[in-house]
Each structure stands twice: as structure tokens, then as C-alpha cells.
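Examination of the molecular architecture
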Amino acid sequence: MADLQSLFDVQHRASRDAETPVALRRDRVLRVQRLLEAHGAALAAAVQADFGVRSAALTEVADLFVLRNLLRHQLRHLARWSRPVRVRTPIYLRPARGWVQRQPLGVVGVISPWNYPLQLSLGPAATALAAGNRVMLKPSELTPRTSALLAEQVAKAFAADELTVVQGDADVAARFSALPFDHLFFTGSTAVGRKVAQAAAARLTPTTLELGGKSPCIVDASADLDEAVLRIAHGKLLNAGQTCIAPDYVLLPRGREDDFAAAWRRAVARLFPRIEGNPDYASILGAQHLARLHALLREAREQGARIEQIESDAAAASRQMAPALVFGAQAGLRLLDEEIFGPILPVLPCDDSDEAIRHINARPRPLALYWFGRDTAARDRVLARTVSGAVTVNDTLMHIAHDGLPFGGVGESGWGAYHGETGFLRFTHQKAVLAQRRWATGSLFYPPYGAKLQRVLGLLRRFG
């Protein structure tokens, strides 16, 4: 804890001078960009080594492409985001002027997960740097090679009082989250998010929690089933389902189950002609995670569910788990209550869209919701009657790649959002400033009160 505290103290002292010029902010974001350009291939190789099977192309698509776009967007808009914002002054305060001055918060802590170890660590860190903050980053101990290389390259590109990487296990993460940051950003499970929020609350540290949950797919009767299933399969099987916004289950018109299963087989064959030995089909990160997924399937099978797997699930050495559809899952199964975080997709039949909406609204609010169909009235009913962190219509995952859209959860799927200007403002203190002039009207409200005040108030009620 002493080492963590000393690292924090270095950044805290440096951050108390709130003025961080735009040129310096821009330089720090450019250094992150250059780090990726120079070491992206080595970082992708480290991710591959940590996972066992995860191709450089998959890391490019899932981590680096999104991260590079986020950095370019920041550099394009940073000067505008950093400017003071003029605010209209009400008549009773004129000729005073008002504006909002955007300033860094100070020191931002970032705790990042293992599933996308580059995007979900450097993305929030770069956003906090763009807002003028100092950043301490705690990457996951479950991707040790990636975390070590990240720490090494960050130390070469940044001074310790700008951006530093802290390595260590869950014990270190717990002590990290108890530091008196000006803001703490966490990405991970809801269960761990609760512990992070409790630790931060003791210090009155504001938090952003990017959590998970069970993100539903609604397939409307108006949907093109083959097109919908291909896009659902892509969203579900990217990184072998180890994605916080992966489709967690499908709500399907009753009677279309066999059609869905046939379309799923075609879609998986197109995306992944084979599972075992396919470098683009990621391993489950570790044996413990794989055992948990197998236990979910075993419980469902024992309770009478029908399991369909694309090929035999025998790739124990590579931990490449074959995709599985689950039909007939009964209420109470862990498969329907826990976030799956793997290539298992329950399919639940519904009589109509109202039943699908009721099913979603009876559960914690999801991080993402996916809707497929051509009936815009049905789409708008779902958008109006459900609450989720975000929605993608007629696709999955793609909202995360739109830098103009905020990304974040609601309720048990998290709070706060980032990406684009929303992320910049998340790490910014918006300081209100009112500059009074010599001939101020405020004296009209000074005591002693009497007829003059009543006349002023009457005029303001009439014209204000």
C-alpha cells in the first residue's frame, strides 16, 4: 500500500496545478497513439500468449481498431472540447457574463479487465489524459504478459506523474480502488463493481462503472432470419462470447426455433468453418472459466433443456469451446440468471413483442439491447418501453464503435458513460463562472426591502 500511495502522491502533487494546456493534452494522446503504432504487433502477440488462441487479426478488430478510432476522434475534437462554454445570462443578472470552464479533475484511477486488455485499458486512460488528468492504470492480472508489456512501454513514453501502470493481483486491485482518486473508472463484473463502489465511497470518490449483465436480442416477426442470425452469431462468438455487450439470450417468435437453429448452423459455418485450431476463434481465457461454462450447460441438460453444439466440444487443450444453442431452458437455471460470458446462447420463444418486453423489464436493466426487424412501429415500441445502456438495431456490438455515442450502463449494468465528448466530460470538472460588471443590477435586491423591490419583482415576473 505504501508503494501505491507514493505513486498516487507523485501524481496528486503534479495534478494540483489545474492548468493543463491543450498542446500538452494533445501530446499525451499522441504518445498513446505512437505507442500503439510502434508496439501494436508485440501487444497483440502478448494477448495471443495470454489467451492461448486469439489471432492478431482478432485483436486488431476487437481492440486496436476501436482504440485507434477513439484516439483520432479525440485529437480531432480536443481543442473544441477544452474551450470555455458561454452560457446565456438571465435578465436580472445582466450585464454579468456567465460561462463554464472545463478543467481536469486531477488524478484518475482506471481498473481494466482481461477480455479486451488494450481497448478497455488505454481507451479510458487516453480519454482521461485528453481531459488533462494524471492517470494510474491497473490492468488485469489474468493477462499478465499483456499487462507487463503495457507497463514497460508506458514507462518509456510517460513520466510517472503523467501515466503509470500498476501490476498485481486482486489484492492490489482492492487497495488500488481505496486510493483517494479524483475519479475511479472500473470495467468488469457487477459483483466486483459493487466492491469497487464500496471502497470508493469511503473516500467520496466519484466512479464510472462499466459492468455487464444479460443483454437480450429480440428477433421480431418482421426480421430476415438469416441476416439476423448471422449478425447475432458474430456478436455472440467474437472473442468466444467473452464480451460485456455480447448477446446473452434471444427472444424469438414461438414456432421459429428450428428455423433459428438451421440459420445458426449456416452462420457459424460461414464465420468459423472449424472451431478447434481456428486462430480467429478465441480460447476461453482459463480452465476455471471453461469449467464454469461447462457446468452451466450440464445443469441445463440435467433440467431437460436441449443443447445443440456445432461440433464436439473436445478441444480441452486449446480451450476453444464449441458454440452451443440452448432450447427449453427453465426458469431458475444459472444460465438464465448469470451473465454467460462464453459461446452459449439460450433461445427463448415468445408469443409476441409484448411478452418479450415484459421478460426484459422483469430483470435488471441490461448493458445493451439488440432488436432485429423491419417493422419500425414494433422497433419504436421496444425502444420506448425498455431501458438499457444502449441499443443496436439490426446488428450487434456496433454501437461501441460509434465515437459520437456515449457508452455505458444503467442500473446493475453500471453508471456513467464515456467515448467521445461524453467521456471527455466524464473526466472533467465543469466549473461555473459568473463575472459581474461595475454597473451590476444585483443592488436592486439589497435590503432594506420595500416598494422598490416589489416593483422590480413585478417587472421580472412580467418580462423576465
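What counts, and at which threshold
Residues numbered from 1 in each chain as written. Predicted model: local features only at pLDDT ≥ 70, side-chain atom pairs only at ≥ 80, totals over all residues. Heavy atoms only, no water. Axes fitted to C-alpha atoms, helices over the stretch in contact; angles between N-to-C directions. Helix = DSSP H or I, 4+ residues; strand = E, 2+ residues; numbered from the N terminus. Parallel < 35°, antiparallel > 145°, perpendicular 65-115°, else oblique. Left-handed = near helix turned anticlockwise from the far one by under 90°. Contact = heavy atoms within 4.5 Å. Nonpolar A, V, L, I, M, F, W, Y, C, P; charged D, E, K, R; others polar. Pairing = 2+ DSSP bridges. Polar contact = N/O pair within 3.5 Å; in protein donor to acceptor, adjacent residues only side chain to side chain. Buried < 20%, exposed > 50% of the residue type's maximum accessible area, 1.4 Å probe, protein only. Right-handed = clockwise from strand over helix to strand, strands pointing away. Salt bridge = Lys/Arg side-chain N within 4 Å of Asp/Glu carboxyl O. Phe/Tyr/Trp six-rings, centres within 6.5 Å; stacked < 30°, edge-to-face > 60°. Expected span 1.5 Å × (residues − 1). Arc of directions from axis to C-beta. Core = buried A, V, L, I, M, F, W, Y, C linked by side-chain atoms within 4.5 Å.

**What about the packing of helix α2 (residues 22-51) against helix α5 (residues 144-157)?**
The geometry of α2 relative to α5 is characterised by a closest axis approach of 8 Å and an angle of 160° between their N-to-C directions. Here α2 lies roughly antiparallel to α5, going by the angle between them. Seen along the crossing, α2 lies across α5 with a hand that is right-handed. Each of R31, L35, H39, A42, L43, A46, V47, A49 and D50 in α2 lies in contact with α5, whose residues at this interface are P144, R145, T146, L149, L150, Q153, V154 and A157. Among the residues forming the contact of α2 with α5, the class breakdown is eleven nonpolar, three polar and three charged.

**Structural notes on unusual backbone geometry**
In this structure, P95 follows R94 across a cis peptide bond, with omega equal to 10°. Its identity as a non-glycine residue notwithstanding, A240 has a phi of 55°, on the positive side. Secondary-structure assignment places A240 in the loop between α8 (225-237) and β9 (247-253). One non-glycine residue, L397, lies in the positive phi region at around 70°. Note on placement: L397 falls in the loop between β14 (390-393) and β15 (407-408).

**Focus on the sheet that holds strand β2 (residues 97-104)**
Read across the sheet, three strands follow the order β1-β2-β18 without closing on themselves; strand pairing throughout is antiparallel. The strands lining the two open edges of the sheet, one partner per strand, are β1 (85-87) and β18 (428-435). With strand direction ignored, the average angle separating the axes of adjacent strands in the sheet is 30°. Where β1 and β2 come together, three bridges link them in antiparallel fashion. Among the inter-strand pairings, V85 is bridged to a residue of β2, identified as V100.

**Describing the environment of Q330**
The topology assignment puts Q330 in the loop between β11 (324-327) and α11 (334-337). Put simply, Q330 and G304 are 26 residues apart on the chain and 8.2 Å apart in space, counted from C-alpha to C-alpha. When near neighbours in sequence (up to four residues on either side) are disregarded, Q330 contacts Q303 and L336. At a separation of 3.0 Å, a polar atom in the side chain of Q330 contacts the main-chain carbonyl oxygen of G328.

**So, the pairing of strand β13 (residues 368-372)**
Counting buried residues in β13 gives five out of five residues, a clear majority hidden from the surface. Side chains A368, Y370 and F372 of β13 all project onto a buried face; the interleaved residues L369 and W371 project onto the opposite face, where all are buried too. The parallel pair β13 and β14 is bridged by helix α13 (residues 376-385), and the resulting crossover is right-handed.

**Quick notes on the pattern of salt bridges**
The final tally for this structure, using the stated rule, is 26 salt bridges. Put simply, E162 and R28 hold a salt bridge, and the shortest N to O gap is 3.1 Å. With E162 in the loop between α5 and β5 (163-165) and R28 in helix α2, this residue pair connects regions lying 134 residues apart in the sequence. There is no split in this pair, since E162 and R28 are both buried.

**Some words on the environment of C350**
Its location among the elements puts C350 in strand β12 (residues 344-350). Distance from C350 to F8, taken between C-alpha atoms, is 52 Å for residues 342 residues apart in sequence. Residues contacting C350, with those up to four places away along its chain left out, are L251, L252, P253, R254, E355 and A356.

**Focus: the sheet that holds β5**
Reading across the sheet, the six strands line up as β5-β4-β3-β6-β7-β16 and stay open at both edges, with mixed pairing between neighbours. Edge positions in the open sheet fall to β5 and β16 (414-415), since each of these has one partner strand only.

**Focus on the packing of aromatic side chains**
Scanning all chains against the criterion turns up ten aromatic pairs. The interplanar angle of 80° and the centroid separation of 6.3 Å between the aromatic rings of F407 and Y418 together place this pair among those described as edge-to-face. With F407 in strand β15 and Y418 in strand β17 (residues 417-418), this residue pair connects regions lying eleven residues apart in the sequence. Of the two residues, F407 and Y418, both sit in the buried class.

**Concerning helix α7 (residues 190-201)**
Between its first and last C-alpha atoms α7 spans 16 Å; for twelve residues at 1.5 Å apiece the expected length is 16 Å, and the two agree. When we look at burial in α7, the residues that qualify are T190, G193, V196, A197 and A200. Projected down its long axis, α7 shows its buried positions confined to an angular sector of 110°, all on one face. Facing away from the buried surface of α7 by more than 90 degrees, the exposed residues are K195 and Q198. Where α7 is buried, its residues contact α6 (170-177), β6 (183-187), β7 (207-210) and β16.

**Some points on the side chain of S55**
Here S55 shows up in the loop between α2 and α3 (56-82). Sequence-distant contacts of S55, that is, excluding residues within four places in its chain, are made with Q48, P279 and D280.

**Some words on the pairing of β11**
Along β11, one buried face is formed by A324 and V326 and the opposite face, lined by L325 and F327, is buried too. In this sheet, β11 lies alongside strand β10 (residues 306-309) in antiparallel orientation, the contact comprising four bridges. Each bridged residue has a counterpart across the sheet, and for Q309 the counterpart in β11 is A324. Pairing of β11 with β12, which is carried by four bridges, proceeds in the parallel orientation. Within β12, the position partnered with A324 by the bridge is I344.

**Brief notes about the nonpolar core**
Counting residues in hydrophobic clusters, the biggest one holds 111 residues, and the most contacted among them are I245, V250, F260, W264, V326 and I344. For this core, the element with the highest residue contribution is α3, accounting for nine residues. Counting residues in hydrophobic clusters, the runner-up holds 17 residues, among them L4, L179, F181 and L211.

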